Amino acid sequence: MRHVFFFIKGQLAMIACISHVNSACADIDVIACREQAAADPNMCQDPVLSTTACPSYCKKCPLTCYHCQTTGQNNVPCTTQKTCAVGEQCVYREITDPLTGSTEHISTCASNKVCLGQELMQVVFGRRSINTRNVAIQCCSSDLCNAATTTTTSIRTTMTPTPTSNCDSSNNYHQLSYINKRFCIKIHNESKEWGVARHACMLENADLVVLDSHDKHAAMTSHLRSVHILSDIWIGALVVDKTRSFYWLNNASLPSHSTEWGRGQPDDTGDNHQHEDCVTIRPQDGFKFHDRTCFTQLKFICERTL
């Protein structure tokens, strides 16, 4: 059936529909889809080819994932299944409360934001402070891949970095001060999405910097000026609910009326209808806060707890 790709779109759609009358979401010809994608890298952007001829290749088919939630030291095997929304992944998540030793085991579908870490705060916010819960997440993109015994690579992170007595200057961390207080920061010049940037900080026993006071923000601004930061840079605040309320990673609120925001901010005017759920410092606007789409790749600032 490879020749179908040489028909006009209307003919292709008709052939694809006939082929799918008695079949699940699948490509009408797997090899032909690969060949067409090699010839036309934008094939999956075509509404006809991507949805009727090559839905599996173009990731238009919904995944089937395990869907269970249990609490206890040992996870009970999950047998319940759920059909996810298009674009979601399968996820297996453990949330452990170190104060009680209780562990929640959750298998379900999840958005890409959860898998990137951008909605990790939303998952646990409101039940117990995110600073006292350990979270492990495994995401995968094939049917029923989120069993507890999956071999998918997972990353376990403790939401509160371990306090240190001083800054490790050998790893490019610098100590800043404001009103008899100290904080330890590192500017990463490589650009990453917000969730990936946060994970990079965690690997260094740190987190994205929290600037929850005017004086701390001023100290950070002074340092950014001194090292000539000229473009937006990620910091540790994001939207955590449907009311578009912003919070710092230490649970402190970042009110939308705060004078630390830039002109007209936050405005949630992302490209391609994407919400601006994460926060940057913008040098071009006096180092004020601006909301940005979390998938934007920017430099970022990590902070270690002293």
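Shown above is the structure to which this text applies.
From a predicted model like this one, the values you see are computed outputs, not experimental measurements.

Asks: Looking at this structure, I do not really get the pattern of salt bridges. What am I missing?
Replies: Pairing is possible between side chains that carry opposite charge, provided their charged atoms lie close to one another. A complete count under the given rule lists 9 salt bridges for this structure. Measuring nitrogen to oxygen at the nearest pair gives 2.7 Å for the salt bridge that ties Lys216 to Glu303. Of this pair, Lys216 sits in helix H7 (residues 214-226) while Glu303 sits in strand E16 (residues 298-304); the two residues are 87 residues apart in sequence, bridging distant segments of the chain. Residue classification places Glu303 among the buried residues on the basis of a relative accessible area of 13%. The network of salt bridges with shared partners includes Arg244, Asp268, Asp277 and Asp291.

Asks: Is there a simple way to explain the state of the cysteines in this structure?
Replies: Two cysteines whose sulfur atoms are joined by a covalent bond form what is called a disulfide. Throughout the structure, instances matching the rule amount to 10 disulfides. Across the disulfide, Cys33 is cross-linked to Cys54 (sulfur-sulfur distance 2.0 Å). Here the S-S torsion is close to -95 degrees, and the disulfide linking Cys33 with Cys54 is therefore left-handed. Of the two residues, Cys33 is situated in helix H2 (residues 30-39) and Cys54 in the loop between helix H3 (47-53) and strand E1 (64-66); the sequence distance between them amounts to 21 residues. Summarising the burial analysis for this pair, Cys33 and Cys54 share the class buried. Disulfide pairing is shown between Cys278 and Cys294; the S-S distance is 2.0 Å. The chirality of the disulfide connecting Cys278 with Cys294 is right-handed, given an S-S dihedral of about 100 degrees.

Conventions adopted
Residues numbered from 1 in each chain as written. Predicted model: local features only at pLDDT ≥ 70, side-chain atom pairs only at ≥ 80, totals over all residues. Heavy atoms only, no water. Salt bridge = Lys/Arg side-chain N within 4 Å of Asp/Glu carboxyl O. Helix = DSSP H or I, 4+ residues; strand = E, 2+ residues; numbered from the N terminus. Buried < 20%, exposed > 50% of the residue type's maximum accessible area, 1.4 Å probe, protein only. Disulfide = S-S within 2.5 Å.

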